[in-house]
Every structure is written in structure tokens, then in C-alpha cells.
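Now for the letters of each chain:
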Amino acid sequence: MARRIIQFNILAVTALIATFFPGEQVLAVETYFEKHGILADIAFQYAAVGKSEQAVKILNQVLPLAEANPNECFKANPLVKVALGYIQAGQEAKGKQLLKQAIHIARTQTATRCSGSGTSPDESLLNRAKEYAEAGYYGFAIELITGVNNPVFTPITMAEVAGHYAKAGEDEQATTVLKQALAIAQRNDHALYRTMTLIVIAEHLSQAGQKKQVPQVLEHALKSASAIDEAQSGENASMKISQMLRIVKQFAFIGQERRAIELVDQSLPKIRTLADKRFPLDKISQLIETAAQYAALEQKNKALSTLAEAQKAAQAIVIDKAQSKSDALASVADAYAELGNFDQARQIARAIENVNARKRAFLGIAIAYGKAGYSDQAVKLATSIGNRDATFRGIARHYLNSGQYDQAFEIIQQWNFKDMLSEVAFGYLETGQPERALQITLSIQPPPDARHKDWRFCAIARGFAKQGKFDQALQLAQTITDKSYKAQALTAIAEQYVARERENKEPIEKILFVLTNSYNSLFGSSNKDKASKILDQALQVAQSMAPKGATQ
């Protein structure tokens, strides 16, 4: 299953930004040239292969342009790339001074709430830190993360870096970084945001396969959740329960079903006490989620009894909130269908008064039929409500979201959903199947415009290189006509050659590696030599680019 990026829900993000990034909203427009960002990346890779003189020459060309950028909101990102390039090239003092300057700019601009594509300058630098960590430059990543010092996103990003350390077999460093992340998270005085941060850390660790570390983080989250003041507001009480259910899901995910059942049992009485007059749907949605958790934990009787409570609560909604009542019943009907109780689901759906809500309920039931493998019933029901396309799009979307790309592709082909082919192609790419991704991309009709095609080819070339399939990667990169994407693809291929040079090896492997490189120096090319030649091509392409604006 593809690694999914875990995010806060929209409400949480809005609240976090409002709390930690006060100020007036400022819209920003990127003025830093895309060309110079690519050149900074090329310079970093030149330094990585030992060509520091060439790297510094390029960085000296880029630095004054980055510093002259009149748009302060977007200034930090390119400066960070230049700064770390100098450090990589051996000019540590200059690089560290620029890094300090870039982080200061990012923090100052974040306080003004300037952003691009919904990403604050702080978050943007943390995204760069993730990229450096993924490439194995952990020191650079940690220096960036600790410099940014965001009370929410810094510990979350540190947990991701801990996962990268663990995957590389560096368990001691992984543990140290995780402890730092937890310490920072627990210094947050806001109980709800502290709890949410700890849960996201646990989710990242779970997705990274670091399940041994998860229970302690979840117990910290539980302790933090207990400090949320329910009496302060009805929203607080509901949010507290939501966090409890997220914790339940993670305990179940790591195989601690008994602890998960214990916690969901504790949550149910709290849900029953939620006020249902002001926000009638809130209590019902919590009951539905609890039923889903019970079902996932193979507690079907508890799931059904909880859904019966949700149905009763929905039917009790007063007449002046008729729309809420219809919406609630539609949600209950869909929940029964997800549990496989299709007759009960259809009975509830038929009784819904609002036409749109009733159709929505039947659509959800049809999708549940399809997900359960009852395609004939799905088609029949979808046809009866005149919405076959939406039904099977919903089923395909379910498979895409759950990383079941073969099933998604089968439905997309069967129902000719051409506009979803790109999504399934990139799903395959994310799971390490660049050949499949390329095959689907080439099959898209009509073909996308040249720039969109080049964007896709750039990503797929990177995927080939990550698997060590350099011939395929280079062959694809050479077909790219857009200079920006071609330079980026070539740089990414060079980066993967460098990564292979930097991989940790056992002592006997190191001896063989040295002998192999000695042989290559006489009769062939080492990984560094190959990277250097590809960087020369990338540099030539990048230097020929006409300047044009880019976004973060």
C-alpha cells in the first residue's frame, strides 16, 4: 500500500494557523526564477560528487539573485538551497550564515501569515528538510527543523526524520530524534493541539513501519487528551472524543486490539453525553465512527448496537432541522451498508424525506455493494437512481485511497474514466512500479499537452532512477522537451547515482566497493563519474533556460 501523507483535518489546520501564526493574511506572488532554483540543486549535487569548485561557481551565480528577490515571502526557500550547497561544498561558515538568515526570514514572514498554495514559509522549509532526510542528509534536515522551531510542525517533521533514520538502520539516532520530537510536542501548552501533534507523530511512525515506538507516543497522547477541558465548550468535548477515536485506530493498526477495544468502550459513554440540540450531526457522526471502529476490531454486535443508537438519535432530530435529519439518516444508512447490512441500509434510505439526501444515501449503498464485490447489485442500484458513473467513480476512489491500484485500474478501464488514469499511474509510481506508471501514462488519450506530459515523464524518470534503472530513466529524460523538467529529471538521476555512492555498507561490501571503483577508474565509470556527466548535461539544459516565475 502506498505511503500516505498524514494531514490534520481542515478544522484543525485552520485552528493551528490561527493560534500559532497570528496576523493579517498576505497574498504572495513568486518572483524568484525557477531556473536559479534548479541551478542551486545542481550545485548541491556537484558538491556531493566532490566537484566543489564547480558547485561554488554556480552558487556564486545564484546567490545574488536569491538575495535580491523582492518578495520576502518566497525568499527563504532558495536561500536555504544555496546555503546548504555552500556547506556541502566545504564553505561552512558562509553556508551557516546564509542558513541562519533564511530561517529568520521564514519565521518573520510566517508571522505575517504570508503563504503560497496554502503553505507558510515555515512549512515550506520543513518540506525541504523532509527532502534532505529522504536523500540521507539527516544533519541538514535536523538543522533546518530545529532552526524553524514551529511548535506543531517541527516535532511532526522530526518524527518523519526519525523514521528515515530507522529505515537506514540507524536506530540509536532514530530514538534520539524521536525523543526530541516528543519533548518539543509536549512543551505545547494547548492541550488539544498538543494531543493532535502527538497523534500525528504516532501516525507517521506507524506508516514508516516503526510500530515499536508507537505505543509510548499514543500513551502520551492519551495523557494529553485527558487534559482537554470539555467544560470549556461543546466543540472541545467533541474534539476530545475525535482524538480518542484516532488513538483507537492507531492502537488497532499496530496490533494492540485489546487496548483499542478498551479505549473505544471508554469513548462511547462520553459520546452519549454530547449535547445534541446545537450540533445534532456531531453526536451522530461520532456514534457512526465508533461503530466503524468496533467493526474494524471484529466487535460486530457492538458495532450494530452503536449504529442503532445513531439511527435513533437521527430520527429524534426535531422537524425544524429537517435537512440535518435527512443528512444524518443518509450517513447512518451508508454506515449500515459498509457493515454489509444492505437491507437495513436500504430501508433507512427509502424513509429519507429529502430527495437529494435520499439519492446520496442510495449512492453510498451502491458504492458499498461494489466495494464488497457485489458488482451486479451495485450496477442495478446505481442505474435505478440514474448515477452509475458516480457510483463506480466512488468505488475507484476508494481503491485509490487505500492503495489498491490494480482494482482501481480495472474499474477505471471498465468504465472509461480517462480523467482518473493519471491518478492511478502515479499511484503505481508511488509503490515503486515506474514501468506500470509509464505504460498507463502513454495510454492516455487524447495525450496531454507537452508540458503536462513532460511533468509526468520527469516524475517517472525519477522513479526509475530510485530503483537503480538508470538506462530507462535516462532514456525517458532525454525525451522531455521542456527544459525545466528535463534539467530536474537529469538532476534527480544524478542524485540517485550519488545516493548509491553514499549508501552504508558492511565491511566486506566496502572492500568490494573500493575494488569495484578502482576497476571502474581504470576501465569504466564509477557512480560519481556517471553522476558528474549527467550533471554536466543538466547544467547545460538549465543554463539555456529563459527565466520564468515559479511557485514554491
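These numbers come from a predicted model, not from an experiment. (Residues numbered from 1 in each chain as written. Predicted model: local features only at pLDDT ≥ 70, side-chain atom pairs only at ≥ 80, totals over all residues. Heavy atoms only, no water.)

K.L.:
I keep staring at the overall build of the protein chain and nothing clicks. Help me out?
P.N.:
Assigned secondary structure in the protein chain consists of 28 helices and two strands. Across the 552 residues that make up the protein chain, the buried fraction comes to 50%. For the protein chain, contacts bridging at least 24 residues in sequence account for 63% of all contacts bridging at least 6. Per element, the accessible surface of the protein chain, about 26,200 Å² overall, is 51% carbon and sulfur. (Helix = DSSP H or I, 4+ residues; strand = E, 2+ residues; numbered from the N terminus. Buried < 20%, exposed > 50% of the residue type's maximum accessible area, 1.4 Å probe, protein only. Contact = heavy atoms within 4.5 Å. Areas by Shrake-Rupley, 256 points an atom, 1.4 Å probe, with all protein chains shown as cover.)

K.L.:
Would you explain the pattern of salt bridges in this entry?
P.N.:
In this structure the tally under the stated criterion is 20 salt bridges. Here E219 makes a salt bridge to R259, at a shortest N to O gap of 3.1 Å. Of the two residues, E219 sits in helix α11 (residues 214–225) while R259 sits in helix α13 (residues 257–272), which places them 40 residues apart along the sequence. Across the salt bridge formed by K302 and D265, the nearest N and O atoms sit 3.2 Å from each other. Note that K302 is positioned in helix α15 (residues 300–315) and D265 in helix α13, a separation of 37 residues in sequence. Via salt bridges that share partners, E92, K96 and E143 belong to a single interconnected network. (Salt bridge = Lys/Arg side-chain N within 4 Å of Asp/Glu carboxyl O.)

K.L.:
Would you mind showing me how to read the state of the cysteines here?
P.N.:
Where two cysteines share a covalent bond between their sulfur atoms, that bond is called a disulfide. This structure, assessed with the given rule, holds one disulfide. A disulfide bridge connects C73 with C114, and the sulfur atoms are separated by 2.1 Å. Looking down the S-S bond of the C73 and C114 bridge, the torsion is 95°, so its handedness is right-handed. Residue C73 is located in the loop between α3 (52–67) and α4 (76–88), and its partner C114 is located in strand β2 (residues 114–115); the two are separated by 41 residues in the primary sequence. (Disulfide = S-S within 2.5 Å.)

K.L.:
Help me understand the side chain of T290, please; the structure alone is not making it clear to me.
P.N.:
Structurally, T290 can be placed in helix α14 (residues 280–296). On the basis of relative accessible area, T290 is assigned to the buried category, the value being 0%. With residues up to four places along the chain from it excluded, the contact list for T290 reads L245, V264, L268, I271 and T306.

K.L.:
Would you mind going over the packing of helix α6 (residues 121–134) against helix α7 (residues 138–148) with me for this structure?
P.N.:
Axes are the key here: two packed helices are described by the angle between their axes and the distance separating the axes. Close contact between α6 and α7 brings their axes to 7 Å; oriented N to C, the two are set at 160°. The orientation of α6 relative to α7 falls into the category roughly antiparallel. Judged by the sense of rotation from one axis to the other, the crossing of α6 with α7 is left-handed. Along the contact surface, α6 presents D122, L125, L126, R128, A129, Y132 and A133, while α7 presents Y138, F140, A141, L144, I145 and V148. Across the contact of α6 with α7, the residue classes tally to eleven nonpolar, no polar and two charged. (Axes fitted to C-alpha atoms, helices over the stretch in contact; angles between N-to-C directions. Parallel < 35°, antiparallel > 145°, perpendicular 65-115°, else oblique. Left-handed = near helix turned anticlockwise from the far one by under 90°. Nonpolar A, V, L, I, M, F, W, Y, C, P; charged D, E, K, R; others polar.)

K.L.:
Even after reading the chapter, I still don't get the nonpolar core, so can you show me in this structure?
P.N.:
Looking at soluble globular proteins, one finds that nonpolar side chains tend to be buried together. With 174 residues, the main nonpolar core has I42, L84, L144, I201, I365 and V424 as its most contacted residues. Discounting residues that sit within four places of it in the chain, I42 has contacts with I58, T491, L535, A538, L539 and A542. (Core = buried A, V, L, I, M, F, W, Y, C linked by side-chain atoms within 4.5 Å.)

K.L.:
Looking at this structure, how should I read the packing of aromatic side chains?
P.N.:
Both the distance between ring centres and the angle between the ring planes are used here to describe each pair of aromatic rings. Tallied over the full model, the rule gives 13 aromatic pairs. Residues F470 and Y497 carry aromatic rings whose centres are separated by 3.7 Å and whose planes lie at 15° to one another, so their mutual orientation is stacked. Here the residue F470 occupies a position in helix α25 (residues 470–478), and Y497 occupies one in helix α26 (residues 483–502), the gap between them amounting to 27 residues. Neither residue differs from the other here; F470 and Y497 are each classed as buried. Cluster of aromatic residues (ring-pair linked, three or more members): F44, Y132, Y137 and F140. For the cation-ring pair, R393 lies above F417, with the distance from its terminal atom to the ring centre recorded as 4.4 Å. (Phe/Tyr/Trp six-rings, centres within 6.5 Å; stacked < 30°, edge-to-face > 60°. Lys NZ or Arg CZ within 6 Å of the ring centre and 35° of its normal.)

K.L.:
Sorry, what's going on with the packing of helix α18 (residues 355–371) against helix α20 (residues 388–401) here?
P.N.:
Relative orientation of the contacting elements α18 and α20 amounts to 55°, with a least axis distance of 9 Å. Taken together, α18 and α20 sit at an angle that is classed as oblique. At the point where α18 passes α20, the crossing takes the right-handed sense. Mapping the contact onto sequence places L363, A366, I367, G370 and K371 in α18 and A390, T391, G394, I395, H398 and Y399 in α20. Looking at the contact of α18 with α20 residue by residue, the class counts come to six nonpolar, four polar and one charged.

K.L.:
Which parts of the structure should I look at to understand the side chain of T157?
P.N.:
Within the secondary structure, T157 is located in helix α8 (residues 153–167). By relative accessible area, which is 3% here, T157 ends up buried.

K.L.:
Which parts of the structure should I look at to understand the environment of A221?
P.N.:
Tracing the backbone through its elements, the reader meets A221 in helix α11. Along the sequence, A221 and Q243 sit 22 residues apart, while their C-alpha atoms lie 8.7 Å from each other. Filtering out sequence-adjacent residues up to four positions away, A221 remains in contact with T195, L198, I199 and I247.

K.L.:
I keep staring at the environment of V200 and nothing clicks. Help me out?
P.N.:
The residue V200 is located in helix α10 (residues 191–207) in this model. Overall, V200 belongs to the buried group, its relative accessible area being 2%. Remark: the alpha-carbon pair of V200 and T157, spanning 43 residues in sequence, is separated by 9.9 Å.

Coordinates in, geometry out; function isn't part of it.
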